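Here is what each chain is made of, one letter per residue.
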Amino acid sequence: MSDYSNKLGRLRPAPENFLSAEQIRQVQGGRRDFLRRAFAGASAAMVAGGAANAYADETPAGKGSKWILEKPVWGTTLGRPVNEPPYGMPSKYEANLVRRISPGLAAVTEANVAFAPLQGMFGIVTPSGLHFNRSHQGWYEINPAEHRLMIMGQKGLVANPKVYTVGDIMRMQPVSRMHFIECGANSAMEWGNVSVPTVQYTHGMVSCSEWTGVPLIKLLEDCGANLKGVRFVMAEGADGAHENRTIPMSLILSGEVLVAYGQNGEMVRPENGYPLRLVVPGCEGVSNIKYLRRIKLGTEPFGTKDEVLNYVDLMPDGKFRQYTSIMECKSVITSPSGGQVLLDKGLYNVTGIAWSGRGRIKRVDVSFDGGVNWHEARLDGPVHNKSLTRFNIPWTWNGQNAFLMSRAVDETGYVQPTIQQLRKVRGTLSIYHNNSIQTWQVQENGEVRNVQLAHS
Ligand SMILES: Nc1nc2c(c(=O)[nH]1)N[C@H]1C(S)=C(S)[C@@H](COP(=O)(O)O)O[C@H]1N2
Ligand SMILES: [Mo]
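Described in the following lines is the structure provided in the data block. (Residues numbered from 1 in each chain as written. Chains lettered and ligands numbered in written order. Predicted model: local features only at pLDDT ≥ 70, side-chain atom pairs only at ≥ 80, totals over all residues. Heavy atoms only, no water.)

This paragraph deals with the pairing of strand β7 (residues 232-237). Summarising burial for β7: 6 of the 6 residues are buried, a large majority. Residue alternation in β7 divides its side chains into two sets, Phe232, Met234 and Glu236 and Val233, Ala235 and Gly237, and both sets are buried. As defined by bridge partners, β7 adjoins strand β8 (residues 244-248) across 5 bridges and the pair is classed as antiparallel. Pairing of Met234 across the sheet is with Thr246, part of β8. Between β7 and β8, which pair antiparallel one after the other, the connecting turn spans 6 residues, and His242 there sits at a positive phi close to 55°. Sheet topology note: the β7/strand β12 (residues 292-298) ladder contains 6 bridges and is antiparallel. (Buried < 20%, exposed > 50% of the residue type's maximum accessible area, 1.4 Å probe, protein only. Helix = DSSP H or I, 4+ residues; strand = E, 2+ residues; numbered from the N terminus. Pairing = 2+ DSSP bridges.)

The full set close to ligand 1 counts 20 residues, and Phe132, Asp239, Asn272, Arg277 and Lys290 are the nearest of them. Backbone polar atom of His136 to an oxygen atom of ligand 1: 2.8 Å apart, as the coordinates give it. Within the complex, 100% of the 530 Å² of free accessible area of ligand 1 lies under protein. When the residues that make up the shell around ligand 1 are grouped by side-chain class, the tally is 6 nonpolar, 8 polar and 6 charged. (Near = heavy atom within 4 Å. Polar contact = N/O pair within 3.5 Å; in protein donor to acceptor, adjacent residues only side chain to side chain. Areas by Shrake-Rupley, 256 points an atom, 1.4 Å probe, with all protein chains shown as cover. Nonpolar A, V, L, I, M, F, W, Y, C, P; charged D, E, K, R; others polar.)

Taking strand neighbours across the sheet as the criterion, the 5 strands line up as β18-β17-β21-β22-β23 in an open arrangement whose pairing is antiparallel. In this open sheet, the two strands that pair with only one neighbour each are β18 (375-376) and β23 (448-451). Two elements, strand β17 (residues 361-367) and β18, share 2 bridges in a ladder whose sense is antiparallel. Paired with Val366 across the strands is His375, a residue of β18.

Laid out in structure tokens, this is it:
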């Protein structure tokens with residue numbers, strides 16, 4: 001019996017449950033009594049649904065054994081009814097792949113973000129149930145029949161202010177597009193140090209979905225908005241957090257900003273803004289207003305609490321950076337990543353995600369030696385605009401210390417900076433907009449950890 005969540009490709013659930021490489025080898029070697037003891041103190045999440053048994057017997061001794069020679073119960077009996085359950089769920093053996101609240105953050109503030117488990121995901125689509133959830137005051141399940149969206153504006157800017165039902169919006173011509181949403185605070189802890197152990201907690205505030213909705217510009221036209229006069233738009237949510245933000249009209253005129261009701265082929269999930277959310281491709285997560293209830297047209301930025309008090313960064317000269325909406329080009333290796341363990345020398349697939357708020361990803365380079373040599377990774381196409389892009393590159397681990405990094409370039413030619421380059425400009429007091437290169441150290445014992453190198 002083994003716990004695959006501790007092997008490469010899966011991740012331990014929380015830092016306090018980490019096993020060392022030596023412990024995992026003992027488990028792999030079949031020391032079941034040890035395993036029982038090791039899991040005795042593990043969290044309920046880890047053992048829930050038999051997840052601790054997932055991928056059992058992947059040892060050399062277990063290969064080609066009874067698993068192939070004997071007929072298992074599932075080959076000799078009747079399976080379950082096809083409509084049970086009516087809404088399908090992942091295998092119980094994948095119960096470790098869940099959103100998590102960072103133990104570090106939970107200790108210092110109320111836990112109001114659940115991070116996506118990037119370490120165990122493939123491709124570019126975030127399953128809706130794993131999309132990170134950042135809700136300033138918890139999430140709501142809003143009855144769509146009781147939800148309205150109002151479009152109005154300052155004097156002279158809208159000929160026919162309107163109130164829309166969800167049904168009104170669903171009768172209009174929709175578009176479906178792949179876009180990432182990244183919280184401005186993603187990777188925030190890395191400004192100062194490397195206390196965050198896993199990619200789920202360093203980068204798990206980015207997710208990517210196919211969003212379906214109506215371009216906001218169509219609604220503004222429908223209301224007879226004076227498109228030349230409007231320079232800024234305020235978007236406001238219906239939740240208790242009263243989330244609101246200024247969106248520049250230039251982004252809306254491009255047709256990219258959507259009033260979305262669909263996410264990955266079904267209605268947007270309640271956690272992600274059901275029944276209507278704004279999708280502002282390339283902009284900070286906070287601009288993507290959930291539970292969208294009001295759009296107000298104006299001529300000046302609105303100076304809302306979420307752009308004046310919050311989402312500003314303190315610079316070394318004592319001034320604040322403000323209205324920094326665009327998420328710059330960024331990438332991260334998701335596997336191998338912090339907390340995972342390489343059990344043997346040999347061939348691995350190094351994989352990760354790259355994205356840019358300014359367009360498409362053009363190229364990703366990967367280094368295995370802390371940035372001395374770089375190798376171009378393979379991008380999995382199609383590469384979408386303002387979307388996650390998956391990269392892969394084969395790597396043979398020789399059992400020695402290695403420093404894994406990825407560096408993305410977007411179609412504007414912008415190159416993802418190192419943390420030291422970013423600190424030279426921004427200092428260490430920032431919270432938001434850390435798009436620097438992440439380094440994972442593969443130690444000689446196979447354990448992977450979060451590090452920052454002095455030179456990069
Ligand atoms: N109405 C409302 N919209 C909101 C928020 C919120 O708390 N309420 N959180 C914002 C923040 S800070 C982020 S990062 C994104 C997160 O979107 P998600 O929860 O769908 O991942 O939603 C934004 N929109
Ligand atoms: Mo956010």
